[in-house]
Amino acid sequence: MLDDEDDAIADFIRDSSITVISQSEFYQNDSTTDVSKNEFVQLASGVYMQIVDKGVEDKADTVKNNDIVLVRFSEYCLLEEDDRGWKGITYSNLNIPYTVDEFRYVVTSSSIAGIFTGGYYMQSTTSGGSAVPAGWLVPLEYVRDRAHVKLIVPSKMGTTYALSSVIPFYYDIKYQIY
């Protein structure tokens, strides 16, 4: 299953003409990716990230402990087909004005977490409960309020369902700190 996941991610990167850069290149470029070159950085967590828009100009306007973060996103299954017959897009609220998902960002001395507090995704079978996929939290270190990112999230950094079924997902996410 892990080989299938690796193959699905590699196929998606190839088919999408993604240029993968190293973390050192990413940091040399002021923690940005060049969207015109379709660059994604591969992070130590295994998540691939493209920062489409870092968000507002105020560098202090970043997520902090106990902030509520609103998210609009599209989720795409990267496997040809999962056990439910899914292929491609599985959920999106990007263009639905009345639907937004939200989570509380929680920082402790040893970890960070996101706990869904509202929205459809926390109730869906994809999410697997109130825990925000760890992969969704990765960009928050690099972006500010109203950021837009694209992610390739391996199963180990995904939802409970993704982890148990070894399914990688691609996300297009817009964050708003509330």
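The preceding data block contains the structure.
Scope of this entry: the structure provided in the associated data block. The numbering scheme is per chain: residues are counted from 1 as the chain's sequence reads. This being a predicted model, a pLDDT of at least 70 is required before a residue's local features are given, and a value of 80 or more before pairs of side-chain atoms are given or counted; all residues contribute to the totals for chains, interfaces and linings. Side-chain calculation: all heavy atoms of the structure are included, whereas hydrogens and water are not.

**Examining the overall build of the chain**
Helix numbering and strand numbering both begin at the N terminus, where a helix is a DSSP run of H or I of at least 4 residues and a strand a DSSP run of E of at least 2. The number of helices and strands found in the chain is four helices and nine strands. Beginning at the N terminus, the succession of helices and strands in the chain can be written as α-β-α-β-β-β-β-β-β-α-β-α-β. Each radius of gyration is computed over the set of C-alpha atoms, and the globule rule expresses the reference value as 2.2 Å times the number of residues to the power 0.38. For a compact globule of 178 residues, the expected C-alpha radius of gyration is about 16 Å, and the chain comes in at 15 Å, within 12% of that figure. For the chain, the spread of C-alpha atoms along the principal axes amounts to about 40 × 40 × 35 Å. Residue burial in the chain is summarised as follows: out of 178 residues, 48% are buried. Throughout, a contact is declared for two residues whenever any of their heavy atoms are within 4.5 Å. Restricting the contact set of the chain to residue pairs at least 6 apart, pairs at least 24 apart contribute 58%. Under the counting rule used here, the positive set is Lys and Arg, the negative set is Asp and Glu, and His together with the chain ends is not counted. Each charge is placed at NZ for Lys, CZ for Arg, CG for Asp and CD for Glu. Positive and negative side-chain charges in the chain, numbering 14 and 26 respectively, have mean positions lying 6 Å apart. Think of it in three bands: with a 1.4 Å probe and only protein chains considered, a residue is buried below 20% of the maximum accessible area for its type, exposed above 50%, and partly exposed in between.

**Brief notes about the pattern of salt bridges**
For this document, the term salt bridge refers to a Lys or Arg side-chain nitrogen within 4 Å of an Asp or Glu carboxyl oxygen. What the rule picks out here adds up to two salt bridges. The shortest N-O distance in the salt bridge between Asp15 and Arg14 comes to 3.1 Å. Within the structure, one salt-bridge network assembled from shared partners comprises Asp11, Arg14 and Asp15.

**Focus on the nonpolar core**
To define a nonpolar core, start from buried Ala, Val, Leu, Ile, Met, Phe, Trp, Tyr and Cys residues and group those joined through side-chain atoms within 4.5 Å. Residues Phe103, Trp136, Leu151, Ile152, Tyr171, Ile173 and Tyr175 are the most contacted members of the largest nonpolar core, which totals 48 residues. The greatest single-element share of this core, amounting to six residues, is contributed by strand β9 (residues 169–177).

**Observations regarding empty space enclosed by the protein**
Cavities and pockets were defined on a 1 Å grid built over protein atoms only: a cavity is a set of grid points that admits a 1.4 Å probe from which the probe cannot escape, a pocket is an open set flanked by protein on both sides within 12 Å along at least five of seven lines, and lining residues are those with an atom within 4 Å of any such point. Grid points are joined across faces, edges and corners, and a volume is the space filled by probe spheres set on the points. Taken as a whole, this structure holds one cavity of 30 Å³ or more when the rule is applied. Three categories are distinguished: nonpolar for Ala, Val, Leu, Ile, Met, Phe, Trp, Tyr, Cys and Pro, charged for Asp, Glu, Lys and Arg, and polar for the others, with Gly belonging to the last. Taken together, the residues of the lining of the largest cavity break down into five nonpolar, no polar and two charged.

**Points about the side chain of Arg144**
Looking at where Arg144 falls in the secondary structure, it is placed in the loop between α3 (134–137) and β8 (148–153). Buried charge Arg144 goes without a salt bridge, the closest partner of opposite sign being Glu57 at 5.1 Å. If sequence neighbours within four positions are ignored, Arg144 has contacts with Lys54, Gly55, Val56, Glu57, Asp58, Lys59, Asp61, Thr62 and Ile177.

**Quick notes on the side chain of Thr99**
Within the secondary structure layout, Thr99 lies in the loop between β5 (88–92) and β6 (101–107). Here Thr99 is in contact with Arg72, Tyr91 and Asn93, once residues within four sequence places are set aside.

**What about helix α1 (residues 2–15)?**
Expected helix span is computed as 1.5 Å times (number of residues minus one). With 14 residues, α1 ought to run about 20 Å at 1.5 Å a step, and its terminal C-alpha atoms sit 20 Å apart, in line with that. Listed in full, the buried residues belonging to α1 are Glu5, Ala8, Ile9, Phe12 and Ile13. For α1, the angular spread of the buried residues around the axis is 130°, confining them to a single face. Facing away from the buried side of α1 by over 90 degrees, the exposed positions are Asp3, Arg14 and Asp15. The directions considered for the arc are those from the helix axis to the C-beta atoms.

**Some remarks on the packing of aromatic side chains**
Here is the rule: rings of Phe, Tyr and Trp (six-membered ring for Trp) pair when centre to centre is within 6.5 Å. Planes less than 30 degrees apart are stacked, more than 60 are edge-to-face, and the remainder are tilted. All chains considered together, the criterion is met by eleven aromatic pairs. Considering the side-chain rings of Tyr76 and Tyr170, the 5.5 Å spacing of their centres and the 50° angle between planes classify their relative orientation as tilted. Highlighted residues: Tyr76 in strand β4 (residues 68–77) and Tyr170 in strand β9, separated in sequence by 94 residues. Its relative accessible area of 11% is what places Tyr170 among the buried residues. By the ring-pair criterion, three or more aromatic residues cluster together here, those being Phe73, Phe103, Phe116, Trp136, Phe169 and Tyr171.

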